[in-house]
There are 2 protein chains.
Amino acid sequence: MNLRTPGPIPVPDEILNAMSKPMSNHRGPEFKKTLYKVTDQLQQVFSTNSDIFILTSSGTGAMEAAIVNTLSSGDKVVCATIGNFGDRFGQIAKNFGAQVNMLRFDEGKAVEIDSLRKSLVADSNIKAVLVTHNETNTGVTNDLESISKVVKGEFDKLLLVDGISSLCSVPLKTDDWGCDVVISASQKGWMLPPGLAFISFSERAWKAHSESNMPKFYFDLAQYRKYFEIGQPPYTPGLSVIYALDLALDAILNEGMEKIFNRHAQIGKFTRSSIRSLGLSVFPQEDIASNTVTAVKSPENLDVTKLIARLRDVDNIILAGGYGELKDKIFRIGHMGYTQKSDIQEVIEALRGTLPKLGFSIPTEKIQPA
Amino acid sequence: MNLRTPGPIPVPDEILNAMSKPMSNHRGPEFKKTLYKVTDQLQQVFSTNSDIFILTSSGTGAMEAAIVNTLSSGDKVVCATIGNFGDRFGQIAKNFGAQVNMLRFDEGKAVEIDSLRKSLVADSNIKAVLVTHNETNTGVTNDLESISKVVKGEFDKLLLVDGISSLCSVPLKTDDWGCDVVISASQKGWMLPPGLAFISFSERAWKAHSESNMPKFYFDLAQYRKYFEIGQPPYTPGLSVIYALDLALDAILNEGMEKIFNRHAQIGKFTRSSIRSLGLSVFPQEDIASNTVTAVKSPENLDVTKLIARLRDVDNIILAGGYGELKDKIFRIGHMGYTQKSDIQEVIEALRGTLPKLGFSIPTEKIQPA
């Protein structure tokens, strides 16, 4: 099977094998060694000296952790959203009592820096800005460095970043860009099965934590910090994924972050040009298109559900549709983590065979990738 | 290694192997089939027709889910606690704004039915009772059926049950006993790695949900119910543990619950009599002693930390100490799930060899188990 959803992604065999390791005591000395080792390595990938904690949850759990650990009921925040996952970030803050200014940009677009600046000028009581680095649903990567220059440099607000589908694949300089909280999830660029999330937490975030009154228990990072001192997690963690993380981080740091970022940039570009060679359009513009997931505009009259089902049943290729308003309007090809050019070529060839059968004719002059 | 902590527990090889299965699409038709199949099987183990949802979290996450999905800020609840995990259940409710009457019983004792009754007589505004079925820290199993007769039969309150270390090992009749919410966690009797929790939710609990104002997002069961209808989880689940769950449930139901309960009763009894044969005492009385974990009273002057370290380093046997007030006063032997008599015999022999070296002499007339 060629699993090309934007997470879970295929996991290399040696990492999958680590998932079968026998159970061990998460309160013993071996686990302590592993916890300290992988946390140190996570800091390297996050490019931060801040605390990093491992949560047993999906990425959404870590989004909740980012919010409940820094904010109080009634706090005013700006949620700069460019799609479903950005909306979710804001919704979580709302559910926990924050006053959220949903600064929405059209789907397929990135955050406009000027609009963001205006929203912060308009209300000096804004405490934090929530932003998605890479919107998995639209295949758009925000210019987080420029966003940070406004949020931190000009207004000095708390900056909470959903880096779920960007971290470990796309440059995200947590400390250099002053990101107070950054989250990610294991089934994305980390080449791991789902089950764990990671969260970095700056000194400034700890200050906000000390003032935060949002109710929390399972995600209360104060407990994670306290137990980290004795080399333990506060609650029983997803051990098997931590075994796998241990190996994956060695592989990641051995390859080196620059190489990994370049590899993702290349595979992203290759995917987009191959898509265009079929006469299809990439949903966002080239300069903001994601290097971890490509959203493809569905041609008019093409039944996306049928396309996805056929690729699955006939070609054993798993693509994803769009969520929410983008349902039936796009389909998505994941290429984060452990993705080879040949994996993408297989998708392109399958599309070349299938699209005409569903009524979309591929222009002959565009058959060869640029 | 003979891992005898009260979770994680050793996982049978064929179930461990399932953890290495390649990733798949949790929004595809195969996953849907699996989700419906394992949910149906979970209902059989929980002995309920109510909804059951699979959470990607530890058991503590499911405790939080039990509370935030049924209660509102200001609600009065009784938390009948016999140890650390009971205290945690009450603390979560407090953190989310409930008014909690902590009805504490001495460690090593079970809930006294009369005291519980009095607490409900004393305040007619109590909305719910929180109770731990099996207190993992003290090795005591509460008489949940009798508790339920008071909470449901006499007072008709919401009954929220922490069945983390009892379900699938000890009889827990969710529907017959009128338990509105019951939770468990994968690394206990289920013979699985950690990473998943399970929660059953009655119609009465859904009614409470509709009135509940505690803030929630990741654990909001309304989302789980909505997505369940299309055969999906709302957020990316711990896929690998679900693969393993699929196999484990077949094995569990194939063996049959009655057989499993008997096996646990036997191994519990065997462990306790073997412990007594060494001249040691079991912490709780025999009639309330747990069949999933045995808490052993530490003899005076015995250094429990040293004992545990020595068993680990010399005998490759992993026991657990006590938490909180019981630190240094007890040590614990887990025997839930896949535990053989020989696993316990190995522990007993190691104790027989080690205890004298730490200054505790084993009475010769008690060497043979009863």
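Basis of the calculations
- Residues numbered from 1 in each chain as written.
- Chains lettered and ligands numbered in written order.
- Predicted model: local features only at pLDDT ≥ 70, side-chain atom pairs only at ≥ 80, totals over all residues.
- Least-squares fit on C-alpha atoms with pLDDT ≥ 70 in both.
- Contact = placed C-beta atoms within 7 Å.
- Domains from an automatic or database assignment.
- Nonpolar A, V, L, I, M, F, W, Y, C, P; charged D, E, K, R; others polar.
- Axes fitted to C-alpha atoms, helices over the stretch in contact; angles between N-to-C directions.
- Helix = DSSP H or I, 4+ residues; strand = E, 2+ residues; numbered from the N terminus.
- Parallel < 35°, antiparallel > 145°, perpendicular 65-115°, else oblique.
- Left-handed = near helix turned anticlockwise from the far one by under 90°.
- Core = buried A, V, L, I, M, F, W, Y, C linked by C-beta atoms within 7 Å.
- Buried ≥ 20, exposed ≤ 12 C-beta atoms within 10 Å, placed from the backbone.
- Pairing = 2+ DSSP bridges.

1. Structural notes on the relation of the copies chain A and chain B
Each copy of the chain is related to the other by a rotation around an axis and a translation along that axis. Note on the identical chains: chain A maps onto chain B by a rotation of 180 degrees and an axial translation of 0.0 Å, with an RMSD of 0.0 Å. What the superposition gives is, in effect, a two-fold axis relating one chain to the other. Interface residue correspondence from chain A to chain B reaches 98%, placing this contact among same-surface, isologous pairings.

2. Thoughts on the domain arrangement of chain A
Reports of interface size often rely on the accessible area that becomes lost once the parts have come together. All names here are of chain A. Taken domain by domain, chain A consists of domain 1 (14–254) and domain 2 (256–366). Spacing between the C-alpha centres of domain 1 and domain 2 amounts to 28 Å. The interface of domain 1 with domain 2 comprises 22 residues on the first partner and 23 residues on the second. Looking at the side of domain 1 that touches domain 2 residue by residue, the classes come out as 8 nonpolar, 12 polar and 2 charged.

3. Thoughts on the packing of helix α5 (residues 113–122) of chain A against helix α6 (residues 144–154) of chain A
The description of two packed helices rests on the angle between their axes and on the distance between the axes. Residues and elements named next belong to chain A. Where α5 contacts α6, the axes come no closer than 10 Å and their chain directions differ by 20 degrees. One finds that α5 runs roughly parallel with respect to α6. Here α5 and α6 pass one another in a crossing that is right-handed. Here α5 contributes Ile113, Leu116, Arg117 and Leu120 to the contact with α6, which in turn contributes Ser146, Ile147, Val150 and Glu154. Looking at side-chain class alone, the contact of α5 with α6 contains 5 nonpolar, 1 polar and 2 charged residues.

4. Comments concerning the nonpolar core
In terms of nonpolar packing, the biggest core is built from 235 residues, with Val77(A), Ile199(A), Val77(B) and Ile199(B) touching the most fellow members. Per-element accounting of this core gives the leading share, 10 residues, to helix α9 (residues 239–255) of chain B. Leaving out residues up to four positions away in the same chain, Ile199(A) has contacts with Ile52(A), Phe53(A), Leu55(A), Ala62(A), Ala65(A), Ala66(A), Val181(A) and Ile183(A).

5. Comments concerning the sheet that holds strand β10 (residues 197–201) of chain B
Residues and elements named next belong to chain B. Across the sheet, 7 strands lie side by side as β2-β10-β9-β8-β5-β3-β4; this open sheet has mixed pairing. Every interior strand has two partners, whereas the edge strands, β2 (51–55) and β4 (99–104), have only one. Between one strand and the next, the sheet's axes are offset by a mean angle of 20 degrees, whatever the strand orientation. The sheet contact formed by β2 and β10 spans 5 bridges and is antiparallel. In the strand pairing of β10, Asp51 is matched with Phe201.

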